[in-house]
Amino acid sequence: MEKQSDLLLHGGHYLGEISALCFLHLPPLPHLSSLPYLLAGTGSQVLLYDLESVKILRSFLVLEGIRVHGIACGLVDCKERSVLSVKIAVFGERRVKLFNLRIEIVPEFRDESQVCFELTLFHSLPKFSHWVLDVCFFKEDIATSSHCLVVGCSDNSVHLWDTLTSSLILEVRNPERCLLYSMRLWGDELQNLLVASGTIYNEIIVWKAVLQNCTPRLGSSVKDHIKSSGAFCNGFNHYSQQYQALKICRLAGHEGSIFRLGWSSNGSKLVSVSDDRSARIWPIHAEMEVSDISGETVDTGSVGPVLFGHNARIWDCCIVDALIVTAGEDCTCRVWGADGKQLKMIKEHIGRGVWRCLYDPKFSLLVTAGFDSAIKVHQLQASLSKAPQEQDVEVTELIDRAAIFTACIPNSSEHIGLRDSKSEYVRSLCFTCEDSLYVSTNHGYLYHAKLFDTGDVKWTRLIRVSEEVPIVCMDLLSRDGPKFSCDVEDWVAVGDGKGNMTVTGIVCDLCTPKVGVTYTWSAGIERQLLGTFWCKSLGYRIVEESSIMIIQLAHKEFILWNSVCGYIFTADPRGKLKLWRLCYPIESASQNSVTSNNVSLIAEFVSCFNIRIMCLDASTEEEVLVCGDLRGNLVLYPLLRSILVGSCFESEVKITPLTYFKGAHGISSVSSILTAGFVSNQIEIRSTGGDGCVCYLEYGRDRQKLQFIGMKQVKELSLVQSVSSGANSVDDLTSSKYAIGFASTDFIIWNLMTETKVMQVPCGGWRRPHSYYLGDVPEMRNCFAYVKDEIIYIHRFWIPESERKIFPQNLHIQFHGREIHSLCFVSRDLQAGFDGKHDLSSRSSWIATGCEDGTVRLTRYSSGVENWFSSQLLGEHVSGSAVRSICPVSKIHTIPADVTHKPNGTERQPATWDDRENPFFIISVGAKRVITSWVLRTCMIDDKGEESDGVQDRTGTGFPSISFQWLSTDMPIKYSGICKKAEDLENLVGTTKASTVTIDAESRSGFPERKEMQLRTCAGDIYENDWRYLAVTAFLVKDPVSRITVCFMVIGCSDATLSLRALILPSRLWFDVALLVPQSSPVLALQHAIIPIFQPSEDNIQIGNAYIAISGSTDGSIAFWDLTESVENFMLRASTLHTENSIDCLRRPRTGRGSQGGRWWRSLGTTPKKEPSKGSVSMRVEEGTSFLNNVACGTSSKLNDPANTPTGSSQAIFTAALESEVNTDDSSSEICEIPPLHVLSSIHQSGVNCLHISDSNDYQSFNNGFLYNLVSGGDDQALHCLGFDLTLLPTSSESQIKAVNVDNPTTKFEDTKNLNHCKLNKNYRIRFLYHDKVASAHNSAVKGIWTDGMWVFSTGLDQRVRCWYLGEHGKLSEQGHLVISVPEPEALDARACGRNHYQIAVAGRGMQMVGFSVSSDMDGRDSDSSAFENGECDPSNFSPISGKTLAF
């Protein structure tokens, strides 16, 4: 190894909580922003933002390993017009640093200039003895050349520093030396400096510094004393005199600790927030009488209002003019008036709360920041900042520029007073543009309303369908859709109570709309017509050639002579859907009506649920129609091109569903559906519903099944009516940007990208007639209309193009709102080269993280000013259960063909899971024993070899460069302990036989403690809701004969159980394969090694794999487990089942709202009781899913009568067939047990928190073996490195397993016995070659570790990342360390980006990327390591575990 100078270990940007905010106001100069700049403190760095362009300008590292707690700006020095200078003070914990921010306007070509920002440190104050709570600058004194900074500390003292000479001028300590939670300074010079201190005794002490010889007389006022002391203290020399603290008042009233204080601009008011969830306004009077000789005064004025409204602790506050802003732990920011009335509430952050809030009265800008890393900027209503007596309008949630229209239908004036059943009222509303609205009534009238900027509304009566017949449904095909005629702007379809349909083409003549053409026909019987729907995708590509119409559908042309065709659907209460074709004759263009002969019924679709259809969409390319009903179900029908251009419908022919998905939105109504082509013969479906969720599904023509692939729960909305990508964006299903819907009685438009509220209007709920219209940028252009008390209220916010400024904005990407427990790099097999150059993968990285709040996010890291480019939410665990561990799975391992081959010719080759060679999965586990799997869906790279910008590219064909879809979720049933009695399971499942774990006498003899462990597990089942999964590791195995792919998972639970689970793909069926016993303590860390086994010969023919799991427990032991036999036996058993037809994707993950519940469990035995090593398994599926999901529990679905649905019959037949296969040779239902292969007891003095094993690539040792390095870290602050290899033995010997203490090894090579491996008689051994220990690797518990066999990276609670070189015999030598910004690190992962170039990700309370590189002249390995690879070293020389082997 070379010297440390050849190493480069540097920290990247921190992505986590925002802990400080400060405005930077610069003079109005050309090329500078008209809005103030923003300084934000996060971790150890300060971010500089331009609020006008909404982008980050620079990032500065200011404090090493210390979180920035506050930022203060001094006056701007603008001696030169093109160069500005600002002094900035940054403090955190006990440190204060002073910086000079230089802003230079550099001229460039073509009269353009660039603004450059440079931050330089000019003084670092000595470390204070107590935490710094606040700092402020005094105004500069030209006469005395004074540049002073005041520092307030938690011991209730203030320190005055001269920033020019870097010397302490004055120190004043309050005699009441109590511990403070908060302090706030006010004043620009010493004579008017006021100090407010929030104590732990729930009180506020207000005091100031005065000369000792100017003690006030009893009965004198503080104001007089301040004047006299100020006159006496003019000049610089007064700082050399002695000062003391003068208490002005003591404010009591809070019932909790004071967390934050804020002064008004003139120092007359003080606002405080506390642990008691309240904020209080305190008037600070200048005239206060001295109460006694001690100088303490009492407040003679009244206490201001108390502000109640937060549901949790309040963290921050500020007071500006007549506004008070508070931010709390309930993730809300509230705006209050001076009278204590709440004016506005903003809830757009997630997690542990909003840490900081800041308000600028000049521009009405409110900035909030919190634990979730987001910085959100809102523009408040200007009238909010006025005093209550100055407010001439009622304060609402709308911005000033919003226009509010009120209107009544024309006939409403005829019914003055009380309404009755004969009164006319509004039934439906439809916007066609921002100033045009269609209205239908219960009297059969269709009106058009024109909105003017003056507030007037012009009404036009268009048609009346019939006398005294109400219009029950209406739909609009606007001018943006397909046009059947060049004259018609809008097509309005209405259905009445008699079952008649009327379609009207509206022609705009100047400003007055007129009826161009009208269709009227009978679409159903009376009171059976409830819905009508236009479908934009049908007839969208209609072109006109003279009098011949050519309909282009899916690149094929169909000719209709002398007519234009349109298509419309009608729905009845029983789920029947009718498709009508409207023909518009060219020669009849001047007529105002068209006979019913021009309307023909061409198709009738029958639902298998008999429930009313609420929405639909069609894909002409794939010839399918997707419908959503009132109970959350999705039904998919064939829609052939021949139907659209064929003859009239024959009444006896009805179209039945191809497939369906029950409960896509639980039992809530489906509100919208949109389809889009994904790949060939496959479409993607996006639906929204009344459960507040956006669901994504896929349909493939090859399988003809709907597959649930993902879901986003919009927690801010109780009903998602639709999702939009903006008017200027292609409506790509993956680029959903805006969610439109309702929360209780409010209409809300929510930005899904920035997690901000675009619009909120109290309207009374979604059941009232309403309509909305979005412009190209909904933040600046949106309209909403609703009906209340027979009055139509129209809210229109429409900003002109020249005045566009979008608010709210998100300056910083939103991340997890709570602590991160696990992370992993997402690799797309773009391996880095070892030529010293960085490839594509080194420039951009994706990291998956699991959080305490149950969410899993995918975050992109790339080079640039802001390294963290984007973060997207993959989803969350059921019930929000915390994610404890994440495991990536990518490489597929193939099982030997002779293991699953059957000579009777029963092998088959169904469709494989995926066409890709190595699909990428993410497995996440956590609380409530939830397992969730995700699969990589999209990975795009452009022609230039660069990643496509999935976040910003929303207008082309782009998908996100990486996108995951939900694959499957597994949860245990209630009382599902492995030792439950048979009768308990019979009561739950209704089966005649349940699964029990059987242990024969031979197994018991070796492990006497097993019985006690099982009894403890059974007794603890009544508390199983508290059990949680702590660790997981997974790998993929593929059978080349049956082509089945299985994801095996080893999962450790907090009840001290370790189990092997299996997920069969693509069927998505979960199985319990084996228990790893005995396990006396919970497992905290898991790793696995897939070791190739080669035949001992010169050809090195691989004959299989050894599947080894490694676990680290809370008792400090590390155990090795051989899974090979169980894996191969399971693959043999799975290859005989026809699971390819029992796809378990027809269910959605449970969310708590409209979700499906219940779990069924069934055992799938494979061997007799006396042969537990044969590997019996059990299968888990969910109740309430569709037909194919009920295979495992052996019951047919009750979703619909199978006799009425062809698919239902085939499903029931297959269910019985598979159950027959399951029960074949199942004389005993049991789960096999796997004993430990080897146990290293007490390797750590306490819990093993982390494990990592190096890969086998390029580490082949002698004798056809592979060398592996296992590193571990624990609570004992130690690191261990263990080297071992695996080789094939020519002969076998007797089996024996012993637990070995590493410090005192007792196992010798000749004492180890071999275990015959299954039926193949493959015997191999593990040799432990060396072991090294670093006793005090960290100053606190080690939480994360990673190695590639050359370098080792570790992190711990000491907030450091340490780099170790792995030398000869596994010797660990530290090469460097770095203090990181992540508090309480919990996890670490790394990846190689090139030769000796690594990226290291650390997560805890936030996440940070660390870069590590070594100079090119350094050899990555020493000669000893190379000699070992070449087989030149004698393994007997390794220590301290010389020659230790374990054969099996």
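Residues numbered from 1 in each chain as written. Predicted model: local features only at pLDDT ≥ 70, side-chain atom pairs only at ≥ 80, totals over all residues. Heavy atoms only, no water.

Colleague: Please explain the overall build of the protein as it appears in this structure.
Modeller: Within the protein, the regular secondary structure consists of 10 helices and 93 strands. Going through the 1448 residues of the protein one by one, you find that 61% of them count as buried. Expressed as a percentage of contacts within the protein between residues at least 6 apart in sequence, the contacts between residues at least 24 apart total 60%. Carbon together with sulfur atoms contributes 48% to the accessible area of the protein, which is approximately 56500 Å² in total. (Helix = DSSP H or I, 4+ residues; strand = E, 2+ residues; numbered from the N terminus. Buried < 20%, exposed > 50% of the residue type's maximum accessible area, 1.4 Å probe, protein only. Contact = heavy atoms within 4.5 Å. Areas by Shrake-Rupley, 256 points an atom, 1.4 Å probe, with all protein chains shown as cover.)

Colleague: Which parts of the structure should I look at to understand the pattern of salt bridges?
Modeller: Here the idea is simple: oppositely charged side chains can pair when their charged atoms come close. Enumeration over the complete set of coordinates arrives at 28 salt bridges. Of the charged contacts, one joins R67 and E17 as a salt bridge, the two residues approaching to 2.5 Å between their closest N and O atoms. A residue pair is termed long-range when its members are at least 10 positions apart, and R67 in the loop between strand 5 (55-61) and strand 6 (70-80) and E17 in the loop between strand 1 (7-15) and strand 2 (18-24) qualify at 50 residues. A relative accessible area of 30% places R67 in the partly exposed class. In this structure, the salt-bridge partner of R1362 is E1374, at a minimum N-O distance of 2.9 Å. Here E1374 lies in strand 89 (residues 1372-1379) and R1362 lies in strand 88 (residues 1360-1366), a separation of 12 residues in the sequence. What makes R1362 buried here is its relative accessible area of 9%. Salt bridges sharing common partners tie together E176, E203, K247 and R250. (Salt bridge = Lys/Arg side-chain N within 4 Å of Asp/Glu carboxyl O.)

Colleague: Looking at this structure, how should I read the sheet that holds strand 29 (residues 403-407)?
Modeller: The strands making up a sheet associate through hydrogen bonds between their backbones, and the pairing can be parallel or antiparallel. Overall, antiparallel pairing links the 4 strands, which are arranged 29-59-58-57 in an open sheet. Looking at which strands have only one partner, the edges of the open sheet turn out to be strand 29 and strand 57 (770-774). Neighbour-to-neighbour, the strand axes of this sheet turn through a mean angle of 10°, independent of strand direction. Examined bridge by bridge, strand 29 and strand 59 (residues 791-798) share 5 bridges and lie antiparallel to one another. Within the sheet, the bridge partner assigned to I404 lies in strand 59 and is H795. (Pairing = 2+ DSSP bridges. Axes fitted to C-alpha atoms, helices over the stretch in contact; angles between N-to-C directions.)

Colleague: Would you mind going over the packing of aromatic side chains with me for this structure?
Modeller: Applying the stated criterion across every chain, the model contains 39 aromatic pairs. Ring geometry for W186 and W263: centres 6.5 Å apart, planes at 40°, overall tilted. One end of the pair, W186, is in strand 14 (residues 180-186); the other, W263, is in strand 18 (residues 258-263), with 77 residues separating them in the sequence. The class for W186 is partly exposed, based on a relative accessible area of 21%. Ring geometry for Y1268 versus F1284: centroids 5.7 Å apart, planes at 15°, classification stacked. Taken together, the residues span a long stretch of sequence, with Y1268 in strand 82 (residues 1266-1274) and F1284 in strand 83 (residues 1279-1288) at a distance of 16 residues. Grouping aromatic residues by their ring pairs yields a cluster made of F742, F747, Y772, F784, Y786 and Y793. Looking at R860, its charged tip hangs above the ring of F869, at a distance of 4.6 Å from the centre. (Phe/Tyr/Trp six-rings, centres within 6.5 Å; stacked < 30°, edge-to-face > 60°. Lys NZ or Arg CZ within 6 Å of the ring centre and 35° of its normal.)

Colleague: How do you make sense of the confidence of the model for the protein when you look at a structure like this?
Modeller: When pLDDT drops low, the exact placement of atoms in the prediction is not to be read closely. Model confidence for the protein is summarised by a mean pLDDT of 76, while 69% of its residues fall at 70 or above. Here residues 289-295 is a poorly scored stretch, pLDDT under 50, and it has 20 contacts once near neighbours within four places are set aside; other chains count. Throughout residues 388-400 the model reports pLDDT below 50, and contacts reaching past four residues in sequence, or to other chains, amount to 23 contacts. (pLDDT = per-residue confidence, 0-100.)

Colleague: What's the story with the nonpolar core in this structure? I'm lost.
Modeller: Core analysis: the largest hydrophobic core is formed by 33 residues, its most contacted members being L634, I685, L697, L706, V826, I922 and F964. Among the elements that make up this core, the one with the highest residue count is strand 51 (residues 693-700) (4 residues). Every residue in contact with L634, bar those within four places of it in the chain, is listed here: C627, G628, Y660, F661, A664, V670, I673, S687, L697 and L706. Judged by nonpolar contacts, the second largest core, of 32 residues, contains V1050, L1060, A1062 and F1071. (Core = buried A, V, L, I, M, F, W, Y, C linked by side-chain atoms within 4.5 Å.)

Colleague: Got a minute to help me understand helix 8 (residues 1124-1134) in this structure?
Modeller: Burial within helix 8 is extensive, with 9 of its 11 residues counted as buried. Of all the residues in helix 8, the buried ones are T1124, S1126, V1127, E1128, N1129, F1130, M1131, R1133 and A1134.

Colleague: So what exactly am I meant to see when it comes to the state of the cysteines here?
Modeller: One way to say it: the disulfide is the covalent bond shared by the sulfur atoms of two cysteines. Following the criterion strictly, the structure yields 0 disulfides and no others. Just so you know, C693 is unpaired, no disulfide at all, and the nearest cysteine sulfur is the one on C695, 5.6 Å from it. Look at C693 and you get buried, because its relative accessible area is 0%. Looking at the unpaired C887, the closest cysteine sulfur is the one in C824, lying at 7.5 Å. What makes C887 buried here is its relative accessible area of 6%. (Disulfide = S-S within 2.5 Å.)

Colleague: Just checking my understanding: could you explain the pairing of strand 24 (residues 333-337) for this structure?
Modeller: Regular strands place their side chains on alternate faces of the sheet. Counting buried positions along strand 24 gives 5 out of 5 residues, so the element sits mostly inside the fold. Alignment of strand 23 (residues 323-328) against strand 24, held across 5 bridges, turns out to be antiparallel. By the bridge assignment, V325 is partnered in strand 24 with V335. Of the strand pairs in this sheet, strand 24 and strand 25 (residues 342-346) are connected by 4 bridges, and their pairing is antiparallel. Looking at the pairing, C333 lines up with I346 of strand 25. If you look at the hairpin formed by strand 24 and strand 25, you'll find 4 residues sitting between the two strands, and G340 has a positive phi there, around 90°.

Colleague: So what exactly am I meant to see when it comes to the environment of E203 here?
Modeller: Relative to the elements of secondary structure, E203 occurs in strand 16 (residues 203-211). Here E203 falls in the partly exposed class, since its relative accessible area comes to 22%. Apart from residues lying up to four places away in sequence, E203 is in contact with S197, G198, R250, L251, A252 and I258. Among the polar contacts made by the side chain of E203, one reaches the side chain of R250 at a distance of 3.0 Å. (Polar contact = N/O pair within 3.5 Å; in protein donor to acceptor, adjacent residues only side chain to side chain.)

Colleague: What exactly am I supposed to notice about a nonpolar patch on the surface here?
Modeller: Residues L179, Y181, I200 and Y201 make up a contiguous nonpolar surface patch of roughly 410 Å² in combined accessible area. Along the chain, L179 falls in the loop between strand 13 (167-173) and strand 14. (Patch = residues over 30% accessible without salt bridge, like charges linked within 9 Å, V, L, I, M, F, W, Y side chains within 5 Å.)

Colleague: Looking at this model, I keep getting lost on the sheet that holds strand 24. Mind explaining?
Modeller: Spatially, 22-23-24-25 is the arrangement adopted by the 4 strands of the open sheet, whose pairing is antiparallel. Each edge of the open sheet is held by one strand with a lone partner, namely strand 22 (314-320) and strand 25. For this sheet, the mean inter-axis angle between neighbouring strands, taken without regard to orientation, is 15°.

Colleague: Can you help me understand the environment of H1397 in this one?
Modeller: Along the chain, the position of H1397 falls in strand 91 (residues 1397-1404). Expressed as a C-alpha distance, the spacing of H1397 and F1412, which sit 15 residues apart in the sequence, is 5.8 Å.

Colleague: Help me understand unusual backbone geometry, please; the structure alone is not making it clear to me.
Modeller: Glycine aside, the phi torsion of most residues is negative, and most peptide linkages are trans. Between L1065 and the following residue, P1066, the backbone shows a cis peptide bond with an omega angle of 5°. If you trace the backbone, P1066 turns up in the loop between strand 72 (1058-1065) and strand 73 (1069-1076). Along the chain, V1077 connects to P1078 via a cis peptide bond; the corresponding omega equals -5°. Considering the arrangement of structural elements, one finds P1078 in the loop between strand 73 and strand 74 (1083-1094). With a phi angle near 55°, V54 is a residue other than glycine that sits in the positive phi range. Inspection of the secondary structure assignment puts V54 in the loop between strand 4 (45-50) and strand 5.

Colleague: Which parts of the structure should I look at to understand the side chain of R356?
Modeller: Its location among the elements puts R356 in strand 26 (residues 354-360). Despite being buried, R356 has no salt bridge partner; D316 is the closest side chain of opposite charge, sitting 4.4 Å away. From its side chain, R356 meets the backbone oxygen of S19 in a polar contact 3.1 Å long. Aside from chain neighbours lying at most four places away, what touches R356 is I18, S19, A20, L21, H69, R260, W315, D316, V367, T368 and A369. (Lys, Arg positive; Asp, Glu negative; His and termini not counted.)

Colleague: Can you help me understand the environment of Q242 in this one?
Modeller: For Q242, the position within the fold is in the loop between helix 1 (222-232) and strand 17 (243-252). Take Q242: its relative accessible area is 54%, and that puts it in the exposed class. Note: C-alpha distance between Q242 and A209 (33 residues apart in sequence) is 9.8 Å.

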